[in-house]
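Listed below are the residues making up each chain.
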Amino acid sequence: MMASPPNDMQHRFLGNTGLLLSKLSFGSFVTFNTQLDFEKSYAVLERAFKRGVNFFDTAEAYAGGQSEEFMGKIIATGIERGVWSREDLVLSTKIFFGTKHGTDQKAGPNEQGLSRKHIVEGTKASLKRLGLEYVDTIFCHRPDPCTPIEETVRAMNYVINRGWAFYWGTSEWSAHDIIEACEIADRLGLVRPVRACSWVGNGVGLTKMYDRRSINRSIISSSGHVLSSSTMFCTRHMAMGLRRGPLLHSAS
């Protein structure tokens, strides 16, 4: 029997929460179905998990919702095969674009954005595709200038209160909008966003990374908001808001 590979993965706390994430995460953007069949997709995630990764990310828009379906089947298969339990995994998805983004189908006026309607309906649809009762974290995939930030904050808290997610965060939001969301949450006694995310990779992405790093510094130092981003393999930038956690070993 082949020995399990060594696992020296480090974990970090998510912002000022008690949730521990692996220092690297695995994202499913344009990976499942169109590039890898199910068994190859499953094998990649199983290998990542056995190497210590516990954080897996997807979105409603990826491959028109098929990425979430694949991720859900992979999670269920791993549970059936005794490789992991749901409690072993930290899962996130993202809401904004809907499932018709990037396809030849035209999205309806309320099938995208950050209105309460789309956040609630989009989250329920994502969970159905994933075959899960909840995700651990949920992102606002982009800012929505057409929806008041207070409406989005209230809707994300509704999602948390229903038990569909434990935490919420933002992706590609400006520092100003993140601070406004935190201030609204504080004023209303609601849960703040605990994560912020930005892309890296090409020249443009790297510029965004450095801009976001300076933004994160200003947010953390001036207002005490502890914000962080996740890291997809080779595609996401580890942010400054992840607190150092204990060196843990995941199940293998």
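Residues numbered from 1 in each chain as written. Predicted model: local features only at pLDDT ≥ 70, side-chain atom pairs only at ≥ 80, totals over all residues. Heavy atoms only, no water.

Condition: UniProt positions are given in the numbering used here, feature names are shortened, and annotations may be inferred rather than shown by experiment.
In the nomenclature of an unreviewed UniProt entry, the chain is known as NADP-dependent oxidoreductase domain-containing protein of Phytophthora nicotianae P1569. In its Sequence similarities (unreviewed entry) section, the UniProt entry covering the chain states "Belongs to the shaker potassium channel beta subunit family."

1. Quick word on helix 2 (residues 66–80)
We apply this condition: For the purposes of this entry, the term helix denotes a DSSP run of H or I that reaches at least four residues, the term strand denotes a run of E that reaches at least two, and both are numbered from the N terminus. Expected helix span is taken as 1.5 Å per residue step, with the number of steps being one fewer than the number of residues. Each residue is assigned to one of three classes by its accessible area relative to the maximum for its type, calculated with a 1.4 Å probe on protein chains only: buried under 20%, partly exposed between the two thresholds, exposed over 50%. Two residues form a contact once any of their heavy atoms are found within 4.5 Å.
The terminal C-alpha atoms of helix 2, which comprises 15 residues, lie 21 Å apart, in line with the 21 Å expected from a rise of 1.5 Å per residue. Burial in helix 2 covers these residues: Ser67, Glu68, Phe70, Met71, Gly72, Ile74, Ile75, Thr77 and Gly78. Structurally, helix 2 contributes buried residues whose contacts are with helix 1 (38–50), strand 4 (55–57), strand 5 (90–95) and helix 3 (116–130). Positive backbone phi, at 75 degrees, marks Gly82, one or two positions downstream of helix 2.

2. Things to note about the side chain of Ser171
Where we set the bar: Pairing of N or O atoms within 3.5 Å defines a polar contact, subject to two protein rules: one partner must be a possible hydrogen donor and the other a possible acceptor, and residues neighboring in sequence count only if both atoms are side-chain atoms.
Positionally, Ser171 belongs in strand 7 (residues 165–171). Within the structure, Ser171 has its side chain in polar contact with the backbone oxygen of His141 (distance 3.2 Å).

3. What about the pattern of salt bridges?
Quick note on the threshold: Basic side-chain nitrogens of Lys or Arg form a salt bridge, by our definition, when they fall within 4 Å of a carboxyl oxygen of Asp or Glu.
For the structure shown, the criterion picks out nine salt bridges. For Lys50, the salt bridge goes to Glu46, with nearest N and O atoms at 3.2 Å. Residue Lys50 and its partner Glu46 are both found in helix 1; the two are separated by four residues, about one turn of the helix. For Glu46, a relative accessible area of 19% corresponds to the buried category. For the salt bridge of Glu150 with Arg187, the shortest nitrogen-to-oxygen distance reads 3.1 Å. In this pair, Glu150 is assigned in helix 4 (residues 149–161) and Arg187 in helix 5 (residues 175–188), connecting sequence segments 37 residues apart. Sharing partners across several salt bridges, the network here consists of Glu150, Arg154 and Arg187.

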